[in-house]
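Coordinate analysis (summary)
Chain residues, written in single-letter form:
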Amino acid sequence: MLAPALALLVGAVGAQPAPAPKGYVVRADSATVWLDLTAADGAAPGRAFEVYTEGPELRHPITGAVLGRVRTRVSSGVVVEVFPQYSTGRLSSGSAQAGQRASLLAAPAPTQTPEPIPASDEDRPPRDAARRSPKSRGAALDYEVVGMAVADFDGTGRPEVALASDDRLYLYAYPAADGKSLAEAPISGTGARVVGLSSARLDGDARASLLVSVYDGAFRRFETRVYKLESGRWLKSAEMPFVTRAMTDAAGKSVVATQQILDDSSFPLGRVYPLVYKDGRYAQGSPALDLARADWLFGADGARLGGEAAVLSLTPGHDLRVQFAKGHWSTSEGGYGQTPVRVRWGERLLEFEPPMAVDGDTVYAVRNLAALGGLGSPFGLFNRGEIVRKRWDGLGLEDAWRAQVTGCTQGLALAEPQPGRRELLAAVRGAAGRSSVWVYDP
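Below you will find a few notes about this structure.

What counts and how
- Residues numbered from 1 in each chain as written.
- Predicted model: local features only at pLDDT ≥ 70, side-chain atom pairs only at ≥ 80, totals over all residues.
- Heavy atoms only, no water.
- Helix = DSSP H or I, 4+ residues; strand = E, 2+ residues; numbered from the N terminus.
- Buried < 20%, exposed > 50% of the residue type's maximum accessible area, 1.4 Å probe, protein only.
- Contact = heavy atoms within 4.5 Å.
- Lys, Arg positive; Asp, Glu negative; His and termini not counted.
- Charge placed at Lys NZ, Arg CZ, Asp CG, Glu CD.
- Pairing = 2+ DSSP bridges.
- Axes fitted to C-alpha atoms, helices over the stretch in contact; angles between N-to-C directions.
- Salt bridge = Lys/Arg side-chain N within 4 Å of Asp/Glu carboxyl O.
- 1 Å grid on protein atoms, 1.4 Å probe; cavity = no way out; pocket = protein on both sides within 12 Å on 5 of 7 lines; lining within 4 Å.
- Points joined across faces, edges and corners; volume = space filled by probe spheres on them.
- Nonpolar A, V, L, I, M, F, W, Y, C, P; charged D, E, K, R; others polar.
- Phe/Tyr/Trp six-rings, centres within 6.5 Å; stacked < 30°, edge-to-face > 60°.
- Lys NZ or Arg CZ within 6 Å of the ring centre and 35° of its normal.

Some details on the overall build of the protein chain
Secondary structure summary: the protein chain contains one helix and 32 strands in total. Buried positions account for 48% of the 442 residues belonging to the protein chain. Across the protein chain, the fraction of contacts at a sequence separation of at least 24, relative to all contacts at a separation of at least 6, is 51%. The average position of the 49 basic charges and that of the 49 acidic charges among the side chains of the protein chain differ by 2 Å.

So, in structure tokens, the structure goes:
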């Protein structure tokens with residue numbers, strides 16, 4: 001009886017199904033694809049892959065050995081994120097369908113390319129600055145972005161990405177990879193246009209509020225409109241007679257700052273106060289925030305560098321200045337900030353410059369570089385730039401890395417999509433009227 005039982009057991013073991021083959025497209029939605037490839041297969045963010053179809057067998061003409069099948073590439077792309085049982089990718093060419101084959105491509109060997117000659121000294125980066133490439137680049141969006149805010153707008157505990165064009169609001173699943181909006185809303189008013197975007201959680205709601213700074217051209221006034229996500233729709237819940245911006249104060253704490261723009265050409269800018277929520281309404285709190293020598297909210301930020309309170313600001317020459325209670329430090333290369341989002345207010349040109357991001361002794365800043373070798377700057381024409389990560393070393397801000405950007409960066413935000421995982425998001429505005437969200441390891 002033992003022998004037949006043993007034979008039955010061996011037969012049962014032999015009948016176990018073979019492991020499922022790997023290398024398939026599991027799902028495809030526009031330019032986003034899901035692959036059954038994982039880290040164990042070599043998948044990693046930024047690694048290239050191809051999608052292909054298989055044709056007839058290839059046989060060696062002498063030995064007759066089967067060498068494989070004819071491959072016909074139908075599309076290619078890069079891996080964006082890797083999960084325990086699958087990965088997601090972004091197609092850069094062609095299209096894909098579930099069931100098609102997919103394989104990872106070998107990482108290209110690094111090549112030495114000559115460094116382009118800068119148009120001017122302000123374009124010349126430090127020779128020892130490390131270069132950083134984006135982990136991923138989101139879908140091309142058919143509008144020019146003017147602002148970005150990253151927050152949990154639906155109260156699910158995960159961040160979303162809010163973007164704005166001149167006259168419309170958009171919401172995307174983090175990190176706006178596939179270009180499919182979750183919610184949209186127009187900006188009402190004749191001549192009204194968005195000049196800045198921030199978020200806040202001051203009202204006790206688990207859902208963050210979207211703060212939209214708007215210039216109303218018909219009434220020549222600036223205001224902030226507050227939006228909440230209700231049942232998948234942006235709904236306006238409040239208006240405030242000043243502009244707002246999320247920033248870090250001089251003590252290193254995150255705040256939402258406010259500034260009223262007055263109809264007075266001799267002194268158009270009011271003092272900067274924190275935004276508060278009290279008795280069911282938003283208002284300017286007290287005391288005023290000390291921006292040292294800076295008077296414009298959209299050209300300043302705060303930090304605590306080396307244990308000391310500091311104010312970061314952009315000089316008229318577009319250097320980055322660090323002001324302490326006793327002394328200051330500044331860059332010498334220029335080009336920091338700069339933006340095409342501008343409003344002429346009396347004798348003053350108000351530039352709604354991209355934000356900085358501050359994390360302890362680390363500062364992330366944008367350098368938008370003008371087209372035409374600098375001649376485009378007075379007209380707000382910027383077609384390239386850099387994102388710069390700097391760290392305070394006790395004497396000044398030294399470069400940690402720089403990332404070249406083929407466009408104007410109009411939004412910058414540090415985000416934590418998962419506990420313990422941090423990313424830097426940049427809203428990039430291209431030269432052809434399109435935009436995209438790029439993601440970096442900070």
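Next, the rest of the story.
What to know about the pairing of strand 3 (residues 48-59)
Successive residues of a regular strand alternate their side chains across the two faces of the sheet. Here ten bridges tie strand 3 to strand 4 (residues 66-82), and the two strands are oriented antiparallel to one another. Bridging from a neighbouring strand, Thr53 pairs with Thr72 of strand 4. Between the end of strand 3 and the start of strand 4, which pair antiparallel, lie six residues, with Gly64 showing a positive phi angle near 80°. Two elements, strand 3 and strand 6 (residues 101-104), share four bridges in a ladder whose sense is antiparallel. Bridged to Tyr52 within strand 6 is Arg101.

Points about the sheet that holds strand 21 (residues 308-314)
Taken in spatial order, the four strands make up an open sheet running 20-21-22-23, and their pairing is antiparallel. Two strands close off the open sheet at either side, each with one partner strand: strand 20 (300-305) and strand 23 (327-330). Strand-to-strand twist across the sheet, computed as the mean angle between neighbouring axes with direction ignored, equals 25°. The sheet contact formed by strand 22 (residues 320-324) and strand 23 spans four bridges and is antiparallel. When the sheet's bridge partners are listed, Phe324 is paired in strand 23 with Gly327.

Some points on the sheet that holds strand 27 (residues 362-370)
Strand order in the open sheet made by the four strands is 26-27-28-29, with antiparallel pairing throughout. Two strands lie at the open edges of the sheet, namely strand 26 (357-359) and strand 29 (397-405), each paired on one side alone. Going from strand to strand, the sheet's axes swing by 25° on average, the running direction of each strand aside.

Points about the pattern of salt bridges
On inspection of all chains with the given rule, the structure shows 30 salt bridges. For the salt bridge of Lys236 with Glu239, the shortest nitrogen-to-oxygen distance reads 2.7 Å. A salt bridge links Glu386 to Arg367, with the nearest nitrogen and oxygen atoms 2.8 Å apart. One end of the pair, Glu386, is in strand 28 (residues 382-392); the other, Arg367, is in strand 27, with 19 residues separating them in the sequence. Pair check on accessibility: Glu386 and Arg367 agree, each one buried. The network of salt bridges with shared partners includes Arg131, Glu333, Arg367, Glu386, Lys390, Asp399 and Arg402.

With respect to the side chain of Ser136
The residue Ser136 is located in strand 7 (residues 136-137) in this model. Owing to a relative accessible area of 10%, Ser136 belongs among the buried residues under this scheme. The residues touching Ser136, leaving out its near neighbours within four places in the chain, are Val80, Val437, Trp438 and Val439.

Quick notes on empty space enclosed by the protein
Going through the model one piece at a time under the given rule, you end up with two cavities of 30 Å³ or more. Here the largest cavity is characterised by a volume of approximately 70 Å³. Lining the largest cavity, in full, are Arg245, Phe298, Gly299, Ala300, Leu314, Gly337, Glu353, Pro354, Pro355, Met356, Ala365 and Val366. Its residues placed into classes, the lining of the largest cavity shows eight nonpolar, two polar and two charged. Taken as a whole, the second largest cavity spans an internal volume of roughly 40 Å³. As for the second largest cavity, its lining consists of Val80, Ser136, Arg137, Gly138, Pro175, Ala176, Ala177, Val437 and Val439.

What to know about the packing of aromatic side chains
Taken as a whole and assessed by the stated rule, the structure comprises 16 aromatic pairs. Centroid distance Phe298 to Phe352: 4.8 Å. Interplanar angle 65°. Geometry classified as edge-to-face. With Phe298 in the loop between strand 19 (281-284) and strand 20 and Phe352 in the loop between strand 25 (348-351) and strand 26, the pair connects residues that are 54 residues apart, well separated along the chain. Each member of the pair, Phe298 as well as Phe352, is classed as buried. Above the face of the Tyr52 ring, Arg71 is positioned so that its terminal group lies 3.9 Å from the ring centre. Lying over the aromatic face of Phe219, Arg221 brings its terminal NZ or CZ to 4.7 Å of the ring centre.

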